[in-house]
Amino acid sequence: MEQLDLLPIELEGVSQERPLIIAGPCSAETEEQVMTTARALADKGIKIFRAGIWKPRTKPGGFEGIGVEGLSWLKEVKKETGMYVATEVATAKHVYECLKADVDIVWIGARTTANPFAVQEIADALKGVDIPVYVKNPVNPDLELWIGALERINNAGLKRIGAIHRGFSSYDKKIYRNLPQWHIPIELRRRIPNLPILCDPSHIGGKRELIAPLCQQAMDLGFDGLIIESHCNPECAWSDAAQQVTPDVLDYILNLLVIRSEHQSTENLNELRRQIDECDNELMDILAKRMRVCREIGTFKKEHNMTILQTGRYNEILDKRGAQGSLCGMDPDFIKQVFELIHEESVRQQMEIINK
């Protein structure tokens, strides 16, 4: 378990009950767009306004942010609405400009998190500053890289740190823009239990119609809050138009959320958990028996000078077990992944026998 020196991210006037909501447009485009959206969100009770001042784009030629000029618009949002303001930083210069403009919260984007040199420069620029800093997961599913970025910020003396889960890039076309891979932020929570974790359903989904179900999934998994892209006129947004919602739609989504308690008595669950423990023990016994058989197969292959990997047999196992899993109400891809890991361990044990 990782040890980070953390303090709660508490903001005056912002409820500490789940979920914390940070909302605003992907990009600060014009002063009118920023102020119109901020006023509408403030009317809905949103306390923290976000807007991208600098936008890292995959390819040149797209709108790459209004730049420093937009920080004055965030100052006006604070002055008129009383909201806290937040934006993304990717360089030390961004940090200095945000601090001069009295930005309340900064976050480090996915592309930046993937670069330890950039994260370290940002951490150095933040030394001696006491503001909340959120770190998005890197674009690739690398938990150690994510934790390393958090450690760099913490080592610079910042204690009010959180994580943002925005999903992971995939080469293949999927329903999601970025695959959720929920098990990774769940493992992050296990490794750093006191770390606040927000979900970014806008970047995970990539489509506004996916935001509501993703928000509910995040709440069901115990996430601490949501950072959602909201624009006064999403269809005309200069960046990520498809994944932004109006303040009215955002309010509707948030009002439909079911927030389940994390602190209910678990007495009624004890019997079911006992049954889970029994199932796990049985699984371990079955796996141990399977490995014993695999070692016997390894001995046979050694004695008959056979190769370990029998591709036809391996493919047959994956296809059959995937189909069986589907009939049992489980995702066939999940079952295939389980048996891929079992096969990997079987091969490892047979290799030990053959190479003795």
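The model shown is predicted, which means the values in this text are computed figures rather than measured ones.

Rules used in this analysis
- Residues numbered from 1 in each chain as written.
- Predicted model: local features only at pLDDT ≥ 70, side-chain atom pairs only at ≥ 80, totals over all residues.
- Heavy atoms only, no water.
- Axes fitted to C-alpha atoms, helices over the stretch in contact; angles between N-to-C directions.
- Helix = DSSP H or I, 4+ residues; strand = E, 2+ residues; numbered from the N terminus.
- Parallel < 35°, antiparallel > 145°, perpendicular 65-115°, else oblique.
- Left-handed = near helix turned anticlockwise from the far one by under 90°.
- Contact = heavy atoms within 4.5 Å.
- Buried < 20%, exposed > 50% of the residue type's maximum accessible area, 1.4 Å probe, protein only.
- Pairing = 2+ DSSP bridges.
- Right-handed = clockwise from strand over helix to strand, strands pointing away.
- Phe/Tyr/Trp six-rings, centres within 6.5 Å; stacked < 30°, edge-to-face > 60°.
- Lys NZ or Arg CZ within 6 Å of the ring centre and 35° of its normal.

Trainee: Help me out: how do you make sense of the packing of helix α11 (residues 270–303) against helix α13 (residues 332–354) in this one?
Mentor: Between two packed helices, both the angle of their axes relative to each other and the distance between the axes serve to describe the pair. At a minimum axis separation of 9 Å, α11 and α13 run at an interaxial angle of 45°. On the basis of their axis angle, the class for α11 and α13 is oblique. Like other packed secondary-structure pairs, α11 and α13 cross with a definite hand, here right-handed. Contacts from Leu287, Arg290, Met291, Cys294, Arg295, Ile297, Gly298, Thr299, Lys301 and Lys302 in α11 reach Phe339, Ile342, Glu345, Ser346, Gln349, Gln350, Ile353 and Ile354 in α13.

Trainee: Help me understand the pairing of strand β4 (residues 105–108), please; the structure alone is not making it clear to me.
Mentor: As a general feature of sheets, a regular strand has side chains that alternate between the two faces. Where burial is concerned, the two faces of β4 agree: the one with Ile105 and Trp107 and the one with Val106 and Ile108 are both buried. Direction of pairing for strand β3 (residues 84–89) relative to β4: parallel, over a ladder of four bridges. Looking at β4, one finds that Val89 is bridged to Ile108. Handedness of the crossover is the feature at issue here: the chain leaves β3, passes through helix α3 (residues 92–100), returns alongside β4, and the resulting connection is right-handed. Bridging between β4 and strand β5 (residues 133–136) involves three bridges; their strand directions are parallel. Across the sheet, residue Val106 finds its bridge partner in β5, namely Val133.

Trainee: How do you make sense of the packing of aromatic side chains when you look at a structure like this?
Mentor: Centre-to-centre distance and the angle between the planes together describe a pair of aromatic rings. With the rule as written, the count across this model stands at two aromatic pairs. Judged by centre distance (5.1 Å) and plane angle (85°), the rings of Phe63 and Trp238 are edge-to-face. With Phe63 in the loop between β2 (48–50) and α2 (69–81) and Trp238 in the loop between β8 (225–229) and α10 (247–256), this pair connects stretches of sequence that are 175 residues apart. Take Trp238: its relative accessible area is 44%, and that puts it in the partly exposed class. Their ring planes at 85° and their centres at 5.7 Å tell us that Trp182 and Phe223 sit as a pair that is edge-to-face. With a gap of 41 residues between them, Trp182 in the loop between β6 (161–165) and α7 (183–191) and Phe223 in the loop between α9 (211–220) and β8 connect regions that are remote in the sequence. The same class applies to Trp182 and to Phe223, which are both buried. In this structure, Arg321 packs its charged tip against the face of Phe339, placed 5.9 Å from the ring centre.

Trainee: I'm lost on the pairing of β3 in this one. Help?
Mentor: Burial analysis of β3 places six of its six residues in the buried class, which makes it a mostly covered element. Across the two faces of β3 the burial is the same, with Tyr84, Ala86 and Glu88 and Val85, Thr87 and Val89 all buried. Taken together, β2, α2 and β3 constitute a β-α-β crossover, and its handedness is right-handed.

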